[in-house]
Amino acid sequence: MGAFGGRHDDRLAEFQEFASTAGPWLFRTALLLTGGDWYQAEDLVQTALARAFASWGRVRRADNRDAYVRTVLVRVHLSQRRLRRSTERPVEAVPDSALDVHGDPALRVALLAALAQLSPKDRAVLVLRYWEDRSVEQTASELGLRPGTVRNRSMAALARLRELLGSERESLTTI
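Residues numbered from 1 in each chain as written. Predicted model: local features only at pLDDT ≥ 70, side-chain atom pairs only at ≥ 80, totals over all residues. Heavy atoms only, no water.

S.K.: I would appreciate a short explanation of the overall build of the chain in the present structure.
M.R.: Helix and strand content of the chain: nine helices and zero strands. Listing the helices and strands of the chain from first to last along the sequence gives α-α-α-α-α-α-α-α-α. Among the 175 residues that make up the chain, the fraction classed as buried is 37%. Here the analysis covers contacts within the chain between residues at least 6 apart in sequence; of these, 65% occur between residues at least 24 apart. (Helix = DSSP H or I, 4+ residues; strand = E, 2+ residues; numbered from the N terminus. Buried < 20%, exposed > 50% of the residue type's maximum accessible area, 1.4 Å probe, protein only. Contact = heavy atoms within 4.5 Å.)

See the structure below:
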(Lines give C-alpha, C1' and ligand atoms only; values in the text may rest on other atoms or scores of the structure.)
Protein backbone atom coordinates (compact mmCIF):
# COMPACT_ATOMS: atom_id res chain seq x y z
CA MET A 1 0.00 0.00 0.00
CA GLY A 2 1.25 3.49 -0.86
CA ALA A 3 1.44 6.52 1.38
CA PHE A 4 -2.18 7.42 0.55
CA GLY A 5 -3.66 3.95 0.76
CA GLY A 6 -4.80 1.35 -1.73
CA ARG A 7 -7.51 3.52 -3.30
CA HIS A 8 -4.98 6.14 -4.36
CA ASP A 9 -2.69 3.43 -5.73
CA ASP A 10 -5.58 1.97 -7.76
CA ARG A 11 -6.42 5.38 -9.27
CA LEU A 12 -2.76 6.03 -10.05
CA ALA A 13 -2.42 2.64 -11.75
CA GLU A 14 -5.63 3.26 -13.69
CA PHE A 15 -4.37 6.64 -14.90
CA GLN A 16 -0.96 5.22 -15.81
CA GLU A 17 -2.62 2.50 -17.88
CA PHE A 18 -4.81 5.08 -19.62
CA ALA A 19 -1.85 7.39 -20.30
CA SER A 20 0.28 4.59 -21.72
CA THR A 21 -2.42 3.52 -24.18
CA ALA A 22 -3.59 7.06 -25.04
CA GLY A 23 -0.11 8.54 -25.40
CA PRO A 24 0.64 7.43 -28.97
CA TRP A 25 -2.62 8.63 -30.53
CA LEU A 26 -2.54 11.83 -28.46
CA PHE A 27 0.96 12.50 -29.76
CA ARG A 28 -0.10 11.84 -33.36
CA THR A 29 -2.97 14.32 -32.98
CA ALA A 30 -0.72 16.84 -31.25
CA LEU A 31 1.88 16.53 -34.01
CA LEU A 32 -0.75 17.40 -36.59
CA LEU A 33 -2.14 20.24 -34.49
CA THR A 34 1.30 21.79 -34.11
CA GLY A 35 2.09 21.53 -37.79
CA GLY A 36 4.73 18.85 -37.29
CA ASP A 37 6.63 20.46 -34.42
CA TRP A 38 7.81 17.37 -32.54
CA TYR A 39 8.82 19.16 -29.33
CA GLN A 40 5.72 21.30 -29.16
CA ALA A 41 3.62 18.15 -29.69
CA GLU A 42 5.41 16.40 -26.81
CA ASP A 43 4.78 19.41 -24.55
CA LEU A 44 1.15 19.51 -25.61
CA VAL A 45 0.59 15.83 -24.77
CA GLN A 46 2.37 16.21 -21.45
CA THR A 47 0.21 19.22 -20.53
CA ALA A 48 -3.01 17.47 -21.57
CA LEU A 49 -2.13 14.35 -19.57
CA ALA A 50 -1.13 16.45 -16.56
CA ARG A 51 -4.51 18.18 -16.65
CA ALA A 52 -6.26 14.85 -17.06
CA PHE A 53 -4.37 13.49 -14.04
CA ALA A 54 -5.26 16.57 -11.98
CA SER A 55 -8.95 15.94 -12.64
CA TRP A 56 -8.79 12.16 -12.99
CA GLY A 57 -11.89 11.66 -10.86
CA ARG A 58 -13.96 13.58 -13.42
CA VAL A 59 -12.15 12.03 -16.41
CA ARG A 60 -12.62 8.46 -15.20
CA ARG A 61 -16.38 9.03 -14.86
CA ALA A 62 -16.67 10.43 -18.40
CA ASP A 63 -18.62 8.39 -20.94
CA ASN A 64 -15.66 8.56 -23.32
CA ARG A 65 -12.28 9.19 -21.67
CA ASP A 66 -10.51 9.42 -25.02
CA ALA A 67 -12.85 12.17 -26.24
CA TYR A 68 -12.52 13.99 -22.92
CA VAL A 69 -8.71 14.03 -23.04
CA ARG A 70 -8.66 14.83 -26.77
CA THR A 71 -10.85 17.86 -25.99
CA VAL A 72 -8.35 18.89 -23.31
CA LEU A 73 -5.50 18.47 -25.82
CA VAL A 74 -7.18 20.62 -28.48
CA ARG A 75 -8.22 23.31 -26.02
CA VAL A 76 -4.72 23.48 -24.51
CA HIS A 77 -3.30 23.83 -28.02
CA LEU A 78 -5.70 26.62 -28.96
CA SER A 79 -5.14 28.36 -25.64
CA GLN A 80 -1.36 28.23 -26.04
CA ARG A 81 -1.64 29.63 -29.55
CA ARG A 82 -3.77 32.53 -28.34
CA LEU A 83 -1.34 33.29 -25.53
CA ARG A 84 1.74 33.15 -27.74
CA ARG A 85 3.41 36.56 -27.62
CA SER A 86 5.39 36.11 -30.79
CA THR A 87 4.81 34.49 -34.14
CA GLU A 88 8.53 33.72 -34.37
CA ARG A 89 9.20 30.06 -35.04
CA PRO A 90 12.48 28.23 -34.50
CA VAL A 91 14.40 27.06 -37.53
CA GLU A 92 13.68 23.44 -38.31
CA ALA A 93 16.53 20.98 -38.03
CA VAL A 94 16.76 17.84 -40.11
CA PRO A 95 15.54 14.91 -37.99
CA ASP A 96 17.66 11.78 -37.57
CA SER A 97 14.91 9.66 -39.10
CA ALA A 98 11.72 10.20 -41.05
CA LEU A 99 8.44 10.37 -39.13
CA ASP A 100 6.84 7.71 -41.33
CA VAL A 101 9.14 5.07 -42.75
CA HIS A 102 6.41 3.60 -44.97
CA GLY A 103 5.25 6.72 -46.82
CA ASP A 104 6.98 9.37 -48.89
CA PRO A 105 8.68 11.70 -46.37
CA ALA A 106 8.62 14.62 -48.84
CA LEU A 107 4.86 14.40 -49.15
CA ARG A 108 4.47 14.15 -45.39
CA VAL A 109 6.66 17.23 -44.93
CA ALA A 110 4.62 19.09 -47.57
CA LEU A 111 1.37 18.23 -45.78
CA LEU A 112 2.71 19.19 -42.35
CA ALA A 113 4.10 22.45 -43.76
CA ALA A 114 0.75 23.28 -45.35
CA LEU A 115 -1.11 22.42 -42.13
CA ALA A 116 1.26 24.67 -40.19
CA GLN A 117 0.20 27.62 -42.33
CA LEU A 118 -3.44 27.28 -41.34
CA SER A 119 -4.80 29.04 -38.28
CA PRO A 120 -4.69 26.90 -35.13
CA LYS A 121 -8.49 26.62 -35.02
CA ASP A 122 -8.75 25.66 -38.71
CA ARG A 123 -5.99 23.10 -38.23
CA ALA A 124 -7.81 21.70 -35.18
CA VAL A 125 -11.05 21.39 -37.19
CA LEU A 126 -9.30 19.51 -40.00
CA VAL A 127 -7.35 17.22 -37.69
CA LEU A 128 -10.42 16.27 -35.66
CA ARG A 129 -12.76 15.92 -38.65
CA TYR A 130 -10.53 14.14 -41.16
CA TRP A 131 -7.59 12.62 -39.30
CA GLU A 132 -9.42 11.64 -36.11
CA ASP A 133 -12.60 10.92 -38.13
CA ARG A 134 -14.89 12.85 -35.79
CA SER A 135 -18.38 13.88 -36.83
CA VAL A 136 -19.29 17.54 -37.22
CA GLU A 137 -21.16 17.39 -33.92
CA GLN A 138 -18.27 15.73 -32.04
CA THR A 139 -15.80 18.25 -33.46
CA ALA A 140 -18.09 21.14 -32.53
CA SER A 141 -18.44 19.81 -29.00
CA GLU A 142 -14.70 19.28 -28.54
CA LEU A 143 -13.85 22.76 -29.85
CA GLY A 144 -16.76 24.60 -28.23
CA LEU A 145 -18.17 25.65 -31.61
CA ARG A 146 -21.54 25.36 -33.34
CA PRO A 147 -21.87 22.58 -35.95
CA GLY A 148 -22.46 25.16 -38.70
CA THR A 149 -19.20 26.86 -37.78
CA VAL A 150 -17.36 23.54 -38.01
CA ARG A 151 -18.83 22.89 -41.48
CA ASN A 152 -17.88 26.38 -42.69
CA ARG A 153 -14.38 26.20 -41.22
CA SER A 154 -13.89 22.72 -42.71
CA MET A 155 -14.76 23.90 -46.22
CA ALA A 156 -12.64 27.05 -45.98
CA ALA A 157 -9.67 25.26 -44.39
CA LEU A 158 -9.74 22.46 -46.98
CA ALA A 159 -9.82 25.03 -49.78
CA ARG A 160 -6.85 26.84 -48.23
CA LEU A 161 -5.00 23.53 -47.74
CA ARG A 162 -5.56 22.62 -51.40
CA GLU A 163 -4.20 26.02 -52.40
CA LEU A 164 -1.14 25.65 -50.17
CA LEU A 165 -0.36 22.16 -51.44
CA GLY A 166 -0.62 23.21 -55.08
CA SER A 167 0.94 20.62 -57.39
CA GLU A 168 1.89 18.35 -54.49
CA ARG A 169 -1.80 17.70 -53.83
CA GLU A 170 -1.99 15.20 -56.68
CA SER A 171 0.84 13.16 -55.17
CA LEU A 172 -0.86 13.08 -51.78
CA THR A 173 -4.13 11.76 -53.15
CA THR A 174 -2.58 8.91 -55.14
CA ILE A 175 -0.77 7.21 -52.24
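Picking up after the structure, the text goes on.
S.K.: Please clarify how the packing of helix α7 (residues 136-143) against helix α8 (residues 147-165) should be interpreted in this entry.
M.R.: Any two packed helices are characterised by the angle at which their axes cross and by the distance between the axes. Relative to each other, α7 and α8 sit at 105 degrees, their axes nearing to 8 Å. Taken together, the axis directions place α7 and α8 in an arrangement best described as roughly perpendicular. Of the residues in α8, those in contact with Val 136, Glu 137, Thr 139 and Ala 140 of α7 are Pro 147, Val 150 and Arg 151. When grouped by side-chain class, the residues that make up the contact of α7 with α8 number four nonpolar, one polar and two charged. (Axes fitted to C-alpha atoms, helices over the stretch in contact; angles between N-to-C directions. Parallel < 35°, antiparallel > 145°, perpendicular 65-115°, else oblique. Nonpolar A, V, L, I, M, F, W, Y, C, P; charged D, E, K, R; others polar.)

S.K.: Help me understand the nonpolar core in this model?
M.R.: Counting residues in hydrophobic clusters, the biggest one holds 43 residues, and the most contacted among them are Leu 26, Leu 49, Leu 73 and Leu 143. Looking at this core, the element that brings in the most residues is helix α1 (residues 6-33), giving eleven residues. Other than its neighbours up to four places away in sequence, Leu 143 contacts Val 74, Arg 75, Leu 78, Ala 124, Val 125 and Leu 128. (Core = buried A, V, L, I, M, F, W, Y, C linked by side-chain atoms within 4.5 Å.)

S.K.: I keep staring at the confidence of the model for the chain and nothing clicks. Help me out?
M.R.: Close reading of the predicted structure is inappropriate where its pLDDT is low. When pLDDT is averaged along the chain, the result is 81, and 78% of the positions lie at 70 or above. Put simply, helix α9 (residues 168-173) is where the chain has its lowest mean pLDDT, 59, and helix α2 (residues 38-54) is where it has its highest, 92. A low-confidence stretch, residues 97-102 (pLDDT under 50), is modelled with six contacts involving residues beyond four sequence positions or located in other chains. (pLDDT = per-residue confidence, 0-100.)

S.K.: What am I meant to see in the pattern of salt bridges here?
M.R.: If charged atoms from side chains of opposite charge come close, those side chains can pair. Inspection of the entire model under this criterion finds eight salt bridges. For Glu 132, the salt bridge is made with Arg 70, and the minimal N-O distance between the two is 3.6 Å. Of the two residues, Glu 132 sits in the loop between α6 (120-131) and α7 while Arg 70 sits in helix α4 (residues 65-83), which places them 62 residues apart along the sequence. Of the two residues, Glu 132 and Arg 70, neither departs from the other in class, the shared state being buried. Through salt bridges that share partners, Arg 28, Arg 70, Glu 132, Arg 134 and Glu 142 make up one connected network. (Salt bridge = Lys/Arg side-chain N within 4 Å of Asp/Glu carboxyl O.)

S.K.: What is the right way to read unusual backbone geometry from this model?
M.R.: Trans is the common state for peptide bonds, and a negative phi is the common state for residues other than glycine. Even without being a glycine, Asp 133 presents a positive backbone phi close to 55 degrees. Structurally, the position occupied by Asp 133 is in the loop between α6 and α7.

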